[in-house]
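Structural overview for review
Chain by chain, the residues:
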Amino acid sequence: MQHQLNLKTTVACMLATGLLSSASVWAQEAAQANPDVVAEKKEATDNATVIVTGVKASMIKSLAIKRTSDQVLESVVAEDIGKLPDNNVVEALQRVTGIQVTNRSGGEVGTLSIRGLPDVQTTWNGRNIFTASGTQVALQDIPSTLVRQIDVYKTRDASQLDTGIAGQVDVKSLRPFDFKGPKASLSVRETYLDPAKKANPQLSGMLSNRWQTGVGEIGALVNLSVNKTNYRNESVTPGAMVPFTSPNAGEVPPGYIPLQRIFDNKIWTPGTHAGLPMAEGSTLDFNGKAYPYYLARDAVFQSDTHGERKRPAANIALQWKPNADSVYTFESMYNGYRDKSFNRLLFSFVDWWGDLGSNPAGTITTYPGTNVIKSRQVNNVYGFNSGDYTTSATDSRIYALNGKWDLGDRLRLEGDLSYQSSTYHSEFTATRIDRVAPSINVNFNDGGNNTAFHFNNDADLTDPAKWNVAQFYDNANRNKGSAATANLSGVYDANWGALETIQFGVRFDDRKASEANRTQSGNLGRTLASLGPAYSSTNSNFGTDISDVPRSWVEPNAYYIRDHIDDWRKLYNSVDANFLTTDKLSLQKTFEVDEKTNNLFLMGNTQNELFGRRLRGNFGVRYVKVDTDMTFYKVDPTTKAVSSSTASKSTSKVLPSMTLIYDASKDVVTRFNYGETLRRPKFSDLNPILQLNDDVSKVGYGSGSGGNPDLKPTHSKNFDLTAEWYFQKDSALYGTLFKRKIDGLTVDLRHKVHVDPANDPFRNSTAGGDHTNGYDYVINSPVNASNGTIKGAELGFIYFPKGLPSLLDGLGVQGSYTRLTSSQNVPDANDAGVIVSQLETPFFGVSKSSYNATLAYEKGPVSARLSYVWRSGFLDRNEAALFANPIGIWRHPEKSVDMQISYKINDNMSFDISGVNLTNEMQQQYYHFGNAGNAQLTNFGTVQIGRSVSAALRWRM
């Protein structure tokens, strides 16, 4: 596995070669107090216990790590054994300078980015880890109780992994030689989630010891954790915009009626970047004559998801030190994920024009000065409810054997062998019930940028007799990944003038990944009531914090259906012989990938003086060669025969790095870093087999996606300039200027393809189609067709004032601010796939501004923290190119207020309470591109993410 020259080894080399000057007394004191920055050779016998207690000690330790690192590094350190300052790994990182988090759901954060970029290299004790067929691990799956420290590398040198343009997150676990003797800990936590209004347990425990034996010193550690979370996610969303004729009869083109939806894409072009103009009186051309049009949403829908999530995890570590010059470590980690969720989806179209009465204009209101409909009444509207049930499970395991040897006084070697495997499996079933409601009244923005609506009689929503059982969707996926890795690296004390040490290493990695799936659907055509009461389920108290919408509706009981899935499939098979029963189902592979990577690196560490001050540096180069063999599988929709195709490619890259560190004064450290990193294509993006979606919006063509086996790695050149002022022992002010120049970004390029009926799953003979001449689909495929730049500045500080009055002694503050600017060219292609222009857009997921502030207090047995985290609005993604609204989907600014209070009962026991999102913030979106669209006029969805409050009792010995 790739050698990560961790902080212990780095500072060991620095100590051995005198790189910590005698003038830097503060840094040496910090290193001696910190077990991660003492000399590696003395670690096994002289290392201080890893225990730190309280928020203040955790902050000070992270500051010491930052000062002694060659790289631009931020660290989060456990306040005690198994106690990160948050309930999970991702939330523990949200207060790190330059980190942004989003997509909260189910009581936890879903997405993490470093300086606006999401492709983070994830490692465990320096080893690359991943989930299933992905390229990085789901950090939420690693319980915080198994973690002693998290390091966030914003720069990398030649000795580190080459992938991850955003940076690297290294999760460090405990080992027995971290302690002087026996250690044990036990933690019990209960977390209450709102709006689920459920309590959720978490239990973790650790046992560690070390012994002197006849064959040397031996240590063993076991760390176990399990937690369960019952959650509820609620959202209300208006649909996309589409054009309608005028409500005034005198302004309607021939062949149309007032407020009729305009489907003809020869009259208007769906999916343009700014959408159709929204000014009052805007017109479209109908056979050479201009007629005014109006814009309104095609649907409204809301989702109520109840779920249960479990995460078992275990970590074991065995260490053996036979003599003073060698140490061996075997360690293994398992983390599992189990999730069962029932999503109750209510969906209603609001675009019907066939029964508007004698005064269509009286059924709508518009936003002043626009042609955008704000509210309307629609009669005889079709809608459906869907009971969606998803089960998913992940099992990830890694086994590693590491050896470190001192060969004489000048050479240190480290070898590492590891094997990991990860499997993700999911099953999705969705049963739809439908009806035509007499009428619906909807206000697309009823205040707070939220949508409100009600039917003529909301009580019908809960009556099973009013609903027909329609489509049943039955899908499953299995994603697998594995890797065998060997790594050998070393440090040689050259002492050749200015060149003090030489680092070198070789790494080989054999990564395998595969995905398989199955899908089928059928239609039943019976009333829900006829199936009996066990097949119905009704929710309650939905969306009370969001808007004025129906609070309750009936769904097919997904729990009961899943428990009786064999009978349910037989029921659909009885009306459709092509619908497969359980005994006939099987997964079909979609692709297999075998990727072999060879790495070599060489790096020299130097020391000089400049103007009487120490100037250190390292200069290195890394060579990477990747050989990828791919096999893709395709199923004929008519004959079900499976065919395969293969592809291979080989890429290589030389990646230089340089770091200069200058002690401008006793308390000021400056750094300049240059390095090059890669982002490799996702394995799923290499699969060229087309995935088609039917023309449900009736725009005249379907949509779809397909991968590209010729994708190349994205390449980034990274520049960082930092300055750190350690103005007192436990306080500092630091800032960074940085820039990433990125070439070969992957973007989706659309092109139209004509699909033969035999290959069309919606129009072949089996599907009952009659399009004998085939049908058109607009396909999005990834290509390396964009370059971009992201740059910015960071400012951070930690300050614990001295000389405060007794009651305030122990008060401190931590904060940071990040400013980002991003730009990339995005090619715009016509339906033939020909690039006709280049757009300049920001990167997805990049907030221009973000900041956090933490007020910390440490006094006697009390330790407390109050934090505020905020990020500005950002472009999240683009809408499918099928509608008339602006194509960009933007997020509103996001914030969170969190707190934690701990009380030390005695030397062995403590109690704490904590809260996340205490102000119960929502997550909102809107359509916007250029000058088109805004949060009020083109509001999109609102998600109620809820708050959580936890109480924990901890014991340690």
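As a reminder, the structure under discussion sits directly above these lines.
Quick summary incoming for the structure in this document. Each chain has its residues counted from 1, running along the sequence as written. The predicted nature of this model means local features are confined to residues of pLDDT at least 70 and side-chain atom pairs, given and counted, to a pLDDT of 80 or more, with totals for whole chains, interfaces and linings taken over all residues. To obtain the side-chain values, all non-hydrogen atoms of the structure were used and water was disregarded.

Things to note about a positive patch on the surface
Residues Lys-653, Lys-717, Lys-739, Lys-741 and Lys-791 make up a contiguous surface patch of positive charge. Strands here mean DSSP runs of E at least two residues long; helices mean DSSP runs of H or I at least four residues long; both are numbered from the N terminus. Here Lys-739 is to be found in strand β31 (residues 731–755). For patch detection, residues must exceed 30% relative accessible area and be free of salt bridges, and they are connected within 9 Å for like charges or within 5 Å for nonpolar side chains (Val, Leu, Ile, Met, Phe, Trp, Tyr). The protein chains shown are the only cover counted for residues, whose accessible areas, like all others here, come from Shrake-Rupley with a 1.4 Å probe. Salt bridges are identified by distance alone: a Lys or Arg side-chain nitrogen within 4 Å of an Asp or Glu carboxyl oxygen. Note on charges: Lys and Arg go in the positive column, Asp and Glu in the negative column, and His and the chain ends are not counted at all. A charged residue contributes its charge at one atom only: NZ of Lys, CZ of Arg, CG of Asp or CD of Glu.

Some points on the nonpolar core
Note on soluble globular proteins: their nonpolar side chains tend to be buried together. With 63 residues, the main nonpolar core has Leu-284, Leu-295, Ile-440, Phe-453, Phe-455, Val-469 and Trp-568 as its most contacted residues. Elements with a minimum of two residues in this core: β11 (241–245), β12 (283–286), β13 (289–297), β17 (373–407), β18 (411–443), β19 (452–455), β20 (468–496) and α7 (565–573). Counting residues per element, this core draws most heavily on β13, at five residues. Filtering out sequence-adjacent residues up to four positions away, Leu-295 remains in contact with Met-241, Val-242, Pro-243, Leu-276, Pro-277, Met-278, Asn-371, Val-372, Ile-373 and Ala-884. Residues belong to one nonpolar core when they are buried, are Ala, Val, Leu, Ile, Met, Phe, Trp, Tyr or Cys, and are joined through side-chain atoms within 4.5 Å. Relative accessibility thresholds used throughout: buried, under 20% of the residue-type maximum; exposed, over 50%; partly exposed, between the two (1.4 Å probe, protein chains only). Of all hydrophobic cores here, the second largest spans 36 residues; its members include Leu-117, Ile-129, Ile-142 and Ile-790. The contact definition used throughout considers only heavy atoms, calling two residues in contact when any of these lie within 4.5 Å.

Description of the sheet that holds β13
Taken together, the three strands give an open sheet; going across it, the order is β11-β13-β12, and neighbouring strands pair in antiparallel fashion. Here the strands that pair on one side only, and so sit at the sheet edges, are β11 and β12. Each neighbouring strand pair of the sheet contributes to a mean axis angle of 50°, computed without reference to strand direction. DSSP-based pairing: two strands are paired if at least 2 bridges between them are found. As judged from the four bridges shared by β12 and β13, these two strands associate in the antiparallel manner. Considered in β13, the bridge of Thr-283 is made with Pro-292. Fitted lines through C-alpha atoms serve as axes, helices being fitted only where they are in contact, and the angles separating the N-to-C directions of these axes extend from 0 to 180 degrees.

As for a nonpolar patch on the surface
Together, Trp-725, Phe-727, Leu-733, Leu-795, Phe-797, Tyr-799, Tyr-817 and Tyr-851 give the surface a local cluster of nonpolar side chains, amounting to about 700 Å² of exposed area. Going through the elements one at a time, β30 (714–728) and β32 (775–799) are the ones with two or more residues in the nonpolar patch. The element contributing the most residues to the nonpolar patch is β32, with three residues. Among the structural elements, Phe-727 can be located in strand β30. Looking at Phe-727, the relative accessible area reads 31%, which means it is partly exposed.

Re helix α4 (residues 54–68)
Between its terminal C-alpha atoms α4 stretches 22 Å, which fits the 21 Å expected from 15 residues at 1.5 Å a residue. The element α4 is largely enclosed, with a buried count of 12 among its 15 residues. Within the span of α4, buried status applies to Gly-54, Val-55, Ser-58, Met-59, Lys-61, Ser-62, Leu-63, Ala-64, Ile-65, Lys-66, Arg-67 and Thr-68. How far a helix is expected to stretch is found by multiplying one less than its residue total by 1.5 Å.

Details of the pattern of salt bridges
All chains considered together, the criterion is met by 49 salt bridges. The salt bridge partner of Lys-625 is Asp-627, with a shortest N-O separation of 3.0 Å. Residue Arg-877 pairs with Asp-876 through a salt bridge whose shortest N-O separation is 2.5 Å.

Description of the pairing of strand β1 (residues 73–77)
Taking burial as the measure, the five residues of β1 include five buried ones, the bulk of the element. Neither face of β1 is open: one carries Leu-73, Ser-75 and Val-77, the other Glu-74 and Val-76, and all of them are buried.

With respect to the side chain of Asn-233
With respect to the secondary-structure elements, Asn-233 resides in strand β10 (residues 216–238). Here Asn-233 falls in the buried class, since its relative accessible area comes to 17%. Setting aside residues no more than four positions away along its own chain, Asn-233 makes contact with Ser-105, Gly-106, Ser-303, Asp-304, Thr-305 and Gln-944.

Things to note about the packing of aromatic side chains
A pair of Phe, Tyr and Trp rings is counted when the ring centres sit within 6.5 Å of each other, with Trp represented by its six-membered ring. The angle between the planes then sorts it: under 30 degrees is stacked, over 60 is edge-to-face, the rest tilted. Inspection of every chain in the model, using the stated rule, returns 29 aromatic pairs. A ring pair is formed by Tyr-535 and Trp-568, whose centres lie 5.2 Å apart and whose planes are at 25°; its orientation type is stacked. Note that Tyr-535 is positioned in the loop between β21 (499–527) and β22 (536–538) and Trp-568 in helix α7, a separation of 33 residues in sequence. Judged by its relative accessible area of 1%, Trp-568 falls in the buried class. Pairing Trp-725 with Phe-727 gives two aromatic rings, centres 5.1 Å apart and planes at 55°, and the pair type is tilted. Trp-725 gets classed as partly exposed once you look at its relative accessible area, which sits at 43%. Pairwise contacts between aromatic rings join Phe-472, Tyr-535, Tyr-560, Trp-568, Tyr-572 and Phe-579 into one cluster. The cationic tip of Lys-66 hangs over the ring face of Tyr-734; the distance from NZ or CZ to the ring centre is 4.4 Å. In this arrangement the basic side chain of Arg-435 is found over the ring face of Phe-455, its NZ or CZ atom lying 4.9 Å from the centre. Here, a charge over a ring is recorded when the distance from Lys NZ or Arg CZ to the ring centre is within 6 Å and its angle to the ring normal is within 35 degrees.

Section: α7
Looking at α7, one finds that the buried residues are Ile-565, Trp-568, Arg-569 and Tyr-572. Along α7, the residues classed as buried sweep out an arc of 95° about the axis, all on the same side. Residues of α7 that are buried sit in contact with β18, β20, β21 and α6 (558–563). As used here, the arc belongs to the directions running from the helix axis to the C-beta atoms.

Examining the pairing of strand β4 (residues 120–124)
One face of the sheet, then the other: side chains in a regular strand alternate in exactly this way. Within β4, five of the five residues are buried, which leaves it mostly tucked inside the rest of the structure. Residues Val-120, Thr-122 and Trp-124 of β4 are buried on one face, and the alternating residues Gln-121 and Thr-123, pointing to the opposite face, are buried as well. Sheet topology places β4 next to strand β7 (residues 167–173); five bridges connect them, and they run parallel. Note on β7: the bridge partner recorded for Gln-121 is Gln-168. Relative to strand β5 (residues 127–128), β4 runs antiparallel, the two sharing two bridges. The residue of β5 that forms the bridge with Thr-123 is Asn-128.

This is a description of form; function is not addressed.
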